[in-house]
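Okay, here's what each chain looks like letter by letter:
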Amino acid sequence: MSADSTLLYLDGVSVSFDGFRALNNLSLVMLPGEMRAIIGPNGAGKTTMMDVITGKTRPDRGTILFEGRTDLTRLREAAIANLGIGRKFQRPTVFEPHTVWDNLELALKAPRRPLKTLTYAINGTDRDRIEEILAITRLSALRDRQAGGLSHGQKQWLEIGMLLAQDPKLLLVDEPVAGMTDAETEQTAELLCSIAGRHSVIVVEHDMTFVRALGVKVTVLAEGSVLAEGSLDSVSANAQVIDTYLGR
Amino acid sequence: MRRALRWLMAVCVVVATSTAAFAADLRPIVQSLGSGGYSGTEKALEQLSEAGDPAAVPVIEALQAGDLQVRKSDNAVVIARKAGDAFALTDPLSGADLGQAAAADLTRIRINNSLRRAISATLGALTLMSPDAGVRRSAADAVFKSRDANALATLETAIAKEQDKGVRAAMEQARAAVLLTGAAAATMPDADVQAAVDTLAARGDRDALVLLNMVAASGASEATKKSAASAIATVEQKLALWGALQNLWYGLSLGSVLLLAAIGLAVTFGVMGVINMAHGEMVMIGAYTTFLVQEFFRAHAPGLFDLSILVALPAAFIVSGGVGIIIERSVIRWLYGRPLETLLATWGLSLALQQAVRSIFGPTNREVGAPSWMSGAFELGGLTITYGRLWIVVFAFAVFAALLAALKRTWFGLSIRAVTQNRPMANAMGIRTARVDALTFGLGSGIAGLAGVALSQIDNVSPNLGQGYILDSFMVVVFGGVGNLWGTLVGALTLGTMNKFLEPYAGAVLGKILVLVFIILFIQRRPRGLFALKGRAVEA
Amino acid sequence: MLLRFFLMGLDRKAGIVLAILAILAVAVPVMTLWVPADSPFHLSVFTVSLLGKYLCFALLALALDLVWGYCGILSLGHAAFFAIGGYAMGMYLMRQIGPRGVYGNPVLPDFMVFLNWKELPWYWLGFDQFWFAALMVLVVPGALAFAFGWFAFRSRVTGVYLSIITQALTFALLLAFFRNDMGFGGNNGLTDFKDILGHDIQADGTRVALFVATVAALAFSYMIASGVIASKLGKVLVALRDAESRVRFIGYDTESYKLFAWTLSACMAGVAGALYVPQVGIINPSEFAPASSIEAVIWVAVGGRGTLAGAILGAVLVNMGKSYFTGALPELWLFALGGLFVLVTLFLPKGLLGLWGQLAAKLPGRRKQPGLSEARNSDAQAAGQKGM
Ligand SMILES: Nc1ncnc2c1ncn2[C@@H]1O[C@H](COP(=O)(O)OP(=O)(O)O)[C@@H](O)[C@H]1O
Ligand SMILES: [Mg+2]
């Protein structure tokens, strides 16, 4: 496949930590508007893959292209984020001293240079956008609450809201429903599905019901490389996957 | 062949003259020491030197000491030594008792600076024949320094007789010095000059360099100058090498001081992650413990003073370690995971500890003595090494090795590593983490106390002692890589050596500034130090 | 737009601070110059200079709080910027002495004549002009901070490591300024000043004017700082204090944010130093001592890290305490200061204002201020606890 028409293109990416190969010749392609679920046993390298895409970790080898042309391995985190790659961490991190509103305002797509933020004054469109996201994430009533005081699930939602505010082309979502109730999980799945199409999304998740609810193409990662790819049903039938991950 | 012959002839002549001139012939010369003022004395001295008879040595020594006097009654030169109110007189050559005389009956033979120089040169030449090898050697060195042409004949005789290799080499160097700087140098055959230059080059120290430079600058022949120039180059190279080695030693010595100061910090900061700004005060407390132990020895067992340091070591370890444990239990344990707060709190403790020591012991420096086995120095090739520094280097490495072994090989070390790597897991496995924390901190502080014992030997024991080391210690640990004892070792030695190598060019202060700037830049390039640990645990 | 910027930072607390400063700016001159000396309301010129000194320290604390309280950068070298600002002003004052020095040299300061120097070093040129010196008071500390910060932040030196190298920075400068051939008066520093802007520096009027200038500088800096903090940039700073990498992943180049705050803070510290020097009459290398930087940190901690008013309050209170102790019980001062460090970190992590804020929050009807979060600074934590 040529890299040109892809949104994200990983080819032969390897990363090792003190001799331990966390990613081993990993290749993966995402098309614009696509949503992908990534599953795999603990330590398979799912989070590391996100680290490599977002510039947190530099790969030892391999190519990572965004929109077929931008080489992500050379850029710093902030630059990558500004290209339109948003990320939600495995452990929710929101800006605890700030209010929910301020968290969203910080994440909102707007000029990021210091002098611009120094003189920034919120305008009508931005206000509307934040209101909209508050509504989507059901945090409208909590807009003036300090983020540090939110419950775990609310923080997860706030973080997803911040992702939406960033309006990225590609969302990387690491275990979004960990620690959520079943109802919340369902809502999250709905939310993610609703934004797919406009954005491309990569979701890492262990929760099989959740993955099933997404109903998208699945990639199975093991020991740093792709083990299988396809619909959830086809990969669950894959003998290797059963051996290494799902168990019998 | 011709050279050898000339040699032989010269030796024969000297031997002949020196055996011919004997005690009897000295008497008139000695007598003439007392007449003709300074110049008369000088002339007589020259004659004594030419006579080359060791029998004149006591006379000249008496002259040097101001004991040589003239008896007014008969103008005889005598040695007069104070005995009660009067002077006891002896014959300068035979040593026979000549009775007593009052001060008024004697005139001292006075000497001035130029005479003083001549005296030591003459003495140097004459003592070349002494039966004592040490005396001969220092005589040869004296001639080397004075380059007295009069000594040449005696020197040749002495060389011919000399059995001791080392002394002979010294004498030959002295002869080379005399030959090359004397008036005869211009007319000497090239081969002799070359031999003399070679002798000096072989000596190869700063004095030889001075002489060779004199030769090169003198009106000697072109060939002489050339050989001198090449000898100068050789000597300079050799000196530069020794200089570099000496610097390396100084660097090693400073490095081991840094190592000692930093090694306790490598435990508290490196292993536990606690920023202990009162670390320097733990060192200071160790030094004051040494002082107290020494005071005890001075008062109760002065004969065993040399052992006081050995007693001070465990005492300092216990005292500083104990203070450390108290600090950990009372303050630091509330601040785990908050390094910046820990930094501030321990800084406060350091202020209070300094003031406490100042209130108890006073603000001035306390005297800590060195045991006899730590004082003095010895030469190693071109190096001068003091025993004190040598012991500190040895001690620093011993402490390092002991700590390494303790962490790697003992149950306690294993617990420390378990707790620092995964606290909840260690806890779950039944390790009493709080106790391990306290003991680890005590260990680091105790090691700082040990450092204090060593530093009390080379630094002023004052309440500010620790202040001088705290920043350096942090630099060493951070530069070497936190959490890595080997990094601390390499860091300390590198910084020590770098400091000492910069000093000759930049001066002590600028050298230190350069090192600091270097560290600042280095940390910015490698924020986690020389031996950085990688991994998620570090970043999390 | 500028007006909006300043108005943005004006909340209730800022109003109180500015009001107090305004009262000081009016009352002190009146009480010193116009209230008769025998009245109980009279202030001596000595007291005015002492107050002026406290306010200079307050400005330093404000600057430090901007980086420590709002960006999580614990600088243990801020006194260096203070001292450099002080030296820049000192150089101006030295050149105003002119031929009135002991050696009567119209151009060279006494210490240079003493060292047998023949001409003014190039870096002393221009310091005879007040405007140039005033510019340097901002530019030199700012440039040094910018260069230092550029390297440090870019290579992501954080937490304790950063603190330690700021300490190394000030220590290196201390050593450097001790050297005679640096051309800053070595050990003795710069002193024996005569005039400032043509007025006798000892005169009552000048001293009061210097005090008023200090109050004005503090008020102005306070307004700048609170404007910055209230802006979106300030929110980014607070966000990166607690979760720097998260801020990066939403696209902010955190290095340039830190650099902005750091440089601004250094400039403020420089101004503080510049106002300090004419009021105490001397500047010497001891201002660079690592201990002075750390002492400034405790002012902020006492008053309340992350509250601008707290920094000012802490600086004034601790220095009043210092004046009292060093006069009355000099032996005890270091115990008191040391104890303060321990007690504040253990029992008052949010300082006096934080304590007051907690009490106030218990009362109904008050909105909570975004203060220091409960979450500990994650970067600092990484540097310290996990450094194995
Ligand atoms: N910074 C790092 N240092 C050391 N090891 C790491 C680091 N990041 C990841 N690893 C290792 O790489 C492997 C993959 O980790 P990760 O990507 O978090 O797995 P997953 O998210 O699939 O559970 C793990 O074994 C982990 O310990
Ligand atoms: Mg993961």
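Parameters at a glance
Residues numbered from 1 in each chain as written. Chains lettered and ligands numbered in written order. Predicted model: local features only at pLDDT ≥ 70, side-chain atom pairs only at ≥ 80, totals over all residues. Heavy atoms only, no water. UniProt positions renumbered as here; feature names shortened; annotations may be inferred. Helix = DSSP H or I, 4+ residues; strand = E, 2+ residues; numbered from the N terminus. Areas by Shrake-Rupley, 256 points an atom, 1.4 Å probe, with all protein chains shown as cover. Lys, Arg positive; Asp, Glu negative; His and termini not counted. Charge placed at Lys NZ, Arg CZ, Asp CG, Glu CD. Domains from an automatic or database assignment. Pairing = 2+ DSSP bridges. Axes fitted to C-alpha atoms, helices over the stretch in contact; angles between N-to-C directions. Buried < 20%, exposed > 50% of the residue type's maximum accessible area, 1.4 Å probe, protein only. Contact = heavy atoms within 4.5 Å. Buried area = accessible area lost by both parts, 1.4 Å probe. Polar contact = N/O pair within 3.5 Å; in protein donor to acceptor, adjacent residues only side chain to side chain. Nonpolar A, V, L, I, M, F, W, Y, C, P; charged D, E, K, R; others polar. Disulfide = S-S within 2.5 Å. Expected span 1.5 Å × (residues − 1). Arc of directions from axis to C-beta. Salt bridge = Lys/Arg side-chain N within 4 Å of Asp/Glu carboxyl O. pLDDT = per-residue confidence, 0-100. Donors = N, O, S within 2.8 Å, 3.2 Å for Na, K, Ca; no water.

Looking up chain B in an unreviewed UniProt entry gives the name Urea transport system permease protein, with the organism given as Azospirillum picis. One UniProt comment on chain B, placed under Subcellular location (unreviewed entry), says "Cell membrane". Entered under Sequence similarities (unreviewed entry) in the UniProt record, the comment concerning chain B runs "Belongs to the binding-protein-dependent transport system permease family. LivHM subfamily."

Under the annotation held in an unreviewed UniProt entry, chain A carries the name Urea transport system ATP-binding protein and is attributed to Azospirillum picis.

Participant: I tried to follow the overall build of chain B on my own but got confused; where do I start?
Facilitator: Secondary structure assignment for chain B yields 22 helices and seven strands. Along the first, second and third principal axes, the C-alpha set of chain B runs to 100 × 65 × 35 Å. Within the structure as shown, chain B displays about 24000 Å² of accessible surface, and the carbon and sulfur contribution to it stands at 62%. Of the side-chain charges in chain B, 46 are positive and 38 negative, and the distance between the mean point of each set is 12 Å.

Participant: Please clarify how the domain arrangement of chain B should be interpreted in this entry.
Facilitator: Here the domain parsing of chain B yields domain 1 (2-127), domain 2 (133-220) and domain 3 (243-539). Using only C-alpha atoms to locate each centre, domain 1 of chain B and domain 3 of chain B end up separated by 62 Å.

Participant: What exactly am I supposed to notice about the sheet that holds strand 4 (residues 97-101) of chain B here?
Facilitator: Paired through backbone hydrogen bonds, the strands of a sheet run either parallel or antiparallel to each other. All names here are of chain B. Taken together, five strands build an open sheet; the order of strands is 4-3-2-1-5 and the sheet is antiparallel. Each edge of the open sheet is held by one strand with a lone partner, namely strand 4 and strand 5 (106-108). Each strand of the sheet is rotated relative to its neighbour by a mean of 40 degrees, with strand direction disregarded.

Participant: Please clarify how the side chain of Lys-155 of chain A should be interpreted in this entry.
Facilitator: All names here are of chain A. Inspection of the secondary structure puts Lys-155 in helix 6 (residues 152-166). Residue classification places Lys-155 among the buried residues on the basis of a relative accessible area of 16%. Excluding residues that lie within four positions of it along the chain, Lys-155 makes contacts with Pro-92, Val-94, Glu-96, Ala-147, Gly-148 and Leu-150.

Participant: How should the pairing of strand 4 of chain B be read in this particular structure?
Facilitator: Residues and elements named next belong to chain B. Strand direction decides the pairing type here: strand 3 (residues 86-90) and strand 4, joined by three bridges, are antiparallel. Its bridge partner being in strand 4, Phe-87 is matched across the sheet by Ala-101. Linkage of strand 3 to strand 4, two consecutive antiparallel strands, is achieved through a turn of six residues, within which Gly-95 is found at a positive phi near 80 degrees.

Participant: Would you explain the interface of chain C and chain B in this entry?
Facilitator: Many descriptions give the size of an interface as the accessible area lost when the pieces come together. If you look at the interface, chain C gives 47 residues, while chain B gives 53 residues. At the boundary of chain C with chain B, total buried surface from both sides reaches about 4500 Å², with 74% on carbon and sulfur atoms. Where chain C meets chain B, there are two residue pairs in polar contact (both at pLDDT 80 or more). Residue assignment for the side of chain C that touches chain B shows that the elements contributing at least two residues are helix 6 (130-154), helix 7 (159-178), helix 12 (290-303), helix 14 (330-347) and helix 16 (378-384) of chain C. Sorting elements by how many residues they give to the side of chain C that touches chain B places helix 7 of chain C first, with 13 residues. Residues that form the side of chain C that touches chain B fall into these classes: 30 nonpolar, eleven polar and six charged.

Participant: I'm lost on the state of the cysteines in this one. Help?
Facilitator: Simply put, the disulfide is a covalent bond whose two ends are the sulfur atoms of two cysteines. Within this structure, the stated rule accounts for zero disulfides over all chains. Distance from the sulfur of Cys-56 of chain C, which forms no disulfide, to the nearest cysteine sulfur (Cys-267 of chain C) is 16 Å.

Participant: Honestly, helix 6 (residues 133-146) of chain B in this entry has me stumped. Any pointers?
Facilitator: A turn of α-helix holds 3.6 residues, and therefore any two residues three or four places apart point the same way. All names here are of chain B. Its 14 residues place the ends of helix 6 20 Å apart at the C-alpha level, agreeing with the 20 Å of an ideal helix rising 1.5 Å per residue. Among the residues making up helix 6, those that are buried are Arg-136, Ala-139, Ala-140, Val-143 and Phe-144. Each buried residue of helix 6 sits inside an arc of 145 degrees when the element is viewed along its axis, so together they form one side. Residues of helix 6 that are buried in the fold lie against helix 5 (113-126), helix 7 (151-161), helix 8 (165-181), helix 9 (190-203) and helix 10 (206-217).

Participant: How do you make sense of the pattern of salt bridges when you look at a structure like this?
Facilitator: Opposite charge on two side chains allows them to pair when their charged atoms are near. Taken as a whole, this structure holds 39 salt bridges over all chains when the rule is applied. For the salt bridge of Arg-74 of chain A with Asp-71 of chain A, the shortest nitrogen-to-oxygen distance reads 3.0 Å. Owing to a relative accessible area of 68%, Arg-74 of chain A belongs among the exposed residues under this scheme. Two residues, Asp-181 of chain C and Arg-179 of chain C, come together in a salt bridge whose shortest N-O distance is 3.2 Å. When salt bridges that share partners are traced, they join Arg-76 and Glu-77 of chain A together with Arg-156, Glu-244, Arg-248, Glu-255 and Lys-258 of chain C into one network.

Participant: Would you take a moment to explain the confidence of the model for chain B for this structure?
Facilitator: Residue and element names in this part refer to chain B. Predicted confidence across chain B gives a mean pLDDT of 83, with 92% of residues reaching 70 or more. This stretch, residues 534-540, has a pLDDT under 50; its non-local contacts, to residues over four places away or in other chains, come to 14 contacts. We note a pTM of 0.81 for the whole complex and an ipTM of 0.90 for its interfaces.

Participant: Where do I start with the coordination of the magnesium ion (ligand 2) in this structure?
Facilitator: A four-donor tetrahedral metal ideally has 109.5 degree angles, and a six-donor octahedral metal ideally has angles of 90 or 180 degrees. Residue and element names in this part refer to chain A. Protein-derived coordination of the magnesium ion (ligand 2) comes from Thr-47 (OG1) and Gln-90 (OE1), at a distance range of 2.0 to 2.4 Å. Taken together, the residues Thr-47 in helix 1 (residues 46-54) and Gln-90 in the loop between strand 6 (85-88) and helix 3 (100-107) connect sequence positions 43 residues apart. Taking the relative accessible area as the measure of exposure, Gln-90 reaches 37% and is therefore partly exposed.

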